[in-house]
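# Geometric and topological summary
This is what each chain is made of:
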Amino acid sequence: MALKGNLRDFTITQLLNLINLARKTGALVIEGPSDSATITFRDGKLAYAHLGASKDNGLGPILHKTKVISKAQFGTLKKRASEMSDKELGLLLINSGYVTQEDIITSLQTHFMDILNKLFAWAEGIFQFKNGESVPDDKIPVRMDLENIIMEGSRHLRELEQLKDELPNLDMALKFTDRPGVNLRSVNMSVEEWRVVSYINPKNSITQISKATSLSDMEIRRIVYSLLQAGLVELIRPEGGPEPLPDLTSAIPGANKDEQKTLVNRLIGRIRSL
Amino acid sequence: MQTVKMVVTGPFNAGKTEYIQTVSEIDVVSTEKKISSEAEKIKDATTVAMDFGRITVDDSLVLYLFGTPGQKRFDFMWEILSEGMLGFIVMVDSTRPETFREARTILETFRAYAPTPYIVAANKQDLSDAWEVEDMRIALRLDPTIKLLPCVSVDRESVKETLLELLETIITHLDSE
Ligand SMILES: Nc1nc2c(ncn2[C@@H]2O[C@H](COP(=O)(O)OP(=O)(O)OP(=O)(O)O)[C@@H](O)[C@H]2O)c(=O)[nH]1
Ligand SMILES: [Mg+2]
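First things first, this report covers the structure right here in the doc. Just so you know, the residues in each chain are numbered from 1, in the order the chain's sequence is written. Chain A is the first chain written and ligand 1 is the first ligand written, with later ones labelled in order. Given that the model is predicted, a residue must reach a pLDDT of at least 70 before its local features are reported, and side-chain atom pairs must reach 80 or more before they are shown or counted; all residues, however, enter totals for whole chains, interfaces and linings. Here the side-chain values reflect all heavy atoms present in the structure, with hydrogen atoms and water set aside.

So, about the sheet that holds strand β3 (residues 36-42) of chain A. All names here are of chain A. Note on pairing: DSSP must find at least two bridges between two strands before they are called paired. Secondary structure elements are defined from DSSP: runs of H or I of at least 4 residues count as helices, runs of E of at least 2 residues count as strands, and each element is numbered from the N terminus. The strand order β1-β5-β2-β3-β4 describes an open sheet built from 5 strands, whose pairing is antiparallel. If you trace the sheet from one side to the other, it starts and ends with β1 (4-6) and β4 (45-51), each paired once. Mean inter-strand twist for the sheet, computed between neighbouring axes without regard to direction, equals 15 degrees. Note that strand β2 (residues 26-31) and β3 share 6 bridges and pair antiparallel. Within β3, the residue paired with G26 across the bridge is F41. Lying on the sheet, helix α1 (residues 12-21) is in contact with β2, β3 and β5 (126-131); it crosses β2 at an angle near 170 degrees. To obtain each axis, a line is fitted to C-alpha atoms, and for helices this fit is confined to the stretch in contact; angles are then taken between N-to-C directions over 0 to 180 degrees. Residues are treated as being in contact if the distance between any of their heavy atoms lies within 4.5 Å.

So, in structure tokens, the structure goes:
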């Protein structure tokens, strides 16, 4: 079924968060106001990205742009190898000793990250996720963890109003998620982000962390939001905090627990019979 | 005669009134109002103060279902309606991701009013552009322990099923106290 909407209401980072946590395979197609992009995922990892005209997305131009090959080499390729697919060209370049496989992968990753950085700036655009769709046959797939990309994307979020919506309550505490395969050390974080991370503990509310780290409301919200979106932490009620509000017992005045259960069971019986 | 109430809340146009109407034994008593502003003109009428439906259990017990207004400018009603409720349902239109953020805000607001059990209903699952329930769980940032159920408000069986799930959640909650 459909996973579609507009970036106005659902940002790229939120989509990446969804794809990451649900380990989705498929292609995210985004029609922006002036350009369109396709990003392909495999098991929740980024495999491929494509933005705008096809000619800029070929391996030759990418290697040139990321300075893996010189202008002269690129000129020769354009003449001799313009008909080749990316995979064929990659093999040719590796076999003839121009570049290593690692050069190619790194270069593609840089290029894909550039594309995502452009997308993070899009405020508007129709998106659709096509389940199961894979990387085009002639393209070289990579495997990039989304956590770093999401952290990067969240750094673009600069509006306090939006952050307040996303994170209304700073009295909550944080705990690290225990998702398998996520290693905090492999995530690129700024000094401020690391400082926040070092205070994460079910006992410390976000407000306490912001005081301890002397971060502004805006900064602490942005950092917590990016950690949340990257799936690294989750919100919990602080341990040993204020007493919880009175419970269900007060909802039906005068009834004790057994009477309440009997009452609810009567409701269940009635609704079953409807 | 004892009366108990449950509340159906959620963003504008989620299907709250429809949900209550589907199981109520009376015509839903609704304070609806014709919609005048163009932006909101995706349907004819919206709930202004509340709507309510009734299910009589026997001659000593009646269940009222209260629907809240979806629009923020009527949110002064929310706190009043939530008082003394047995539980609540947050209804979300699965075809409109632009309302998910608001649904989460409403959920948080109601949870703050009263720590009673609740479930989330992913409504309009009969429509082809409905999001999948598990995708919605992530988008709504719902904890795995919270019940998020597919729902079709126009379908009686579906409404019954979600009501029963809420009641089961209330029982579990009572047991755990
Ligand atoms: N296809 C489909 N349509 C539904 C469903 N539930 C509600 N609708 C339609 O969605 C529209 C909105 O339903 P309402 O019940 O008025 O929504 P509401 O939540 O009470 O809206 P407000 O009171 O304005 O906040 C109506 O046109 C309903 O007929 C459903 O499960 N499936
Ligand atoms: Mg209504």
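Below, the discussion takes up the nonpolar core. Grouped together as the largest cluster of nonpolar side chains are 93 residues, with contacts concentrated most on L46, L119 and L227 of chain A together with V120 of chain B. If one sorts the elements of this core by residue count, helix α5 (residues 101-120) of chain A sits on top with 8 residues. As annotated, the domain borders come from an automatic or database domain assignment. Three or more residues apiece are contributed to this core by two domains, here domain 1 (3-163) and domain 2 (173-272) of chain A. Excluding its chain neighbours within four sequence positions, the residues that come into contact with L227 of chain A are M151, M189, V196, V197, I200, L232 and V233 of chain A. In this text, buried Ala, Val, Leu, Ile, Met, Phe, Trp, Tyr and Cys residues form a nonpolar core when linked through side-chain atoms within 4.5 Å. With a 1.4 Å probe rolled over the protein chains alone, any residue whose accessible area is under 20% of its type maximum counts as buried; one over 50% counts as exposed, and the rest are partly exposed.

All names here are of chain A. Contact geometry of α1 with helix α6 (residues 146-154) gives a least axis separation of 9 Å together with a crossing angle of 160 degrees. Taken together, the axes of α1 and α6 are roughly antiparallel relative to one another. For α1 against α6, the interelement crossing comes out left-handed. Residues T13, L16, N17, I19 and N20 of α1 form the contact with α6, whose own contacting residues are L146, E147, I149, I150, G153 and S154. Should an angle fall under 35 degrees it is called roughly parallel, over 145 degrees roughly antiparallel, and 65 to 115 degrees roughly perpendicular, with every other angle called oblique. Crossing handedness is defined as follows: a turn of the near helix away from the far one that is anticlockwise and smaller than a right angle gives a left-handed crossing, while the clockwise case is right-handed.

For the rest of this paragraph, the subject is the packing of aromatic side chains. Aromatic pairs are defined between Phe, Tyr and Trp rings, using the six-membered ring for Trp, whenever the two ring centres lie within 6.5 Å; interplanar angles under 30 degrees are classed as stacked, those over 60 as edge-to-face, and all others as tilted. Using the criterion set out here, one finds 13 aromatic pairs over all chains in the structure. Measuring from ring centre to ring centre gives 6.5 Å for F10 of chain A and F100 of chain B, while their planes differ by 90 degrees; the resulting arrangement is edge-to-face. Within this pair, whereas F10 of chain A is found in the loop between β1 and α1, its partner F100 of chain B is found in helix α3 (residues 100-113), the two belonging to separate chains. Taken together, the ring pairs connect F10 and F127 of chain A together with F100 and W131 of chain B into an aromatic cluster. Charges are assigned to positions over rings by a cutoff of 6 Å between ring centre and Lys NZ or Arg CZ, combined with an angular limit of 35 degrees from the ring normal. Directly above the aromatic system of F66 of chain B lies the positively charged group of K5 of chain B, at a separation of 5.2 Å from the ring centroid.

This part is about the pairing of β2 of chain A. Residues and elements named next belong to chain A. Extensive coverage of β2 is indicated by the burial of 5 of its 6 residues. Strand direction decides the pairing type here: β2 and β5, joined by 6 bridges, are antiparallel. Its bridge partner being in β5, I30 is matched across the sheet by F127.

A separate point is the interface of chain B and chain A. When the parts of a complex come together, some accessible area is lost, and that lost area is often used as the size of the interface. Every contact between the two is made by 47 residues of chain B and, on the other side, 43 residues of chain A. Accessible-area loss on putting two parts together, using a 1.4 Å probe and summing over both, is the definition of buried area adopted here. Where chain B abuts chain A, roughly 4200 Å² becomes buried across the two surfaces, and 61% of that area is made up of carbon and sulfur atoms. The salt bridge definition used is simple: a Lys or Arg side-chain nitrogen within 4 Å of an Asp or Glu carboxyl oxygen. Across the chain B-chain A interface, the total number found is 4 salt bridges. The residue K24 of chain A makes a salt bridge to D135 of chain B at a minimum N-O spacing of 2.9 Å. Between N or O atoms, a polar contact is any pair within 3.5 Å; within protein, one atom must be a potential hydrogen donor and the other a potential acceptor, and residues adjacent in sequence are included only when both atoms are from side chains. Here chain B and chain A share 9 residue pairs in polar contact (both at pLDDT 80 or more) between them. Contributions of two or more residues to the side of chain B that touches chain A are made by β1 (2-9), β3 (45-58), β4 (61-67), α3, α4 (133-139) and α5 (156-176) of chain B. With 11 residues, the top contributor of residues to the side of chain B that touches chain A is α5 of chain B. We call Asp, Glu, Lys and Arg charged. Ala, Val, Leu, Ile, Met, Phe, Trp, Tyr, Cys and Pro are nonpolar, and the rest, Gly among them, are polar. Counted by class, the side of chain B that touches chain A contains 24 nonpolar, 8 polar and 15 charged residues.

Don't take any of this as a statement about function, it's just geometry.
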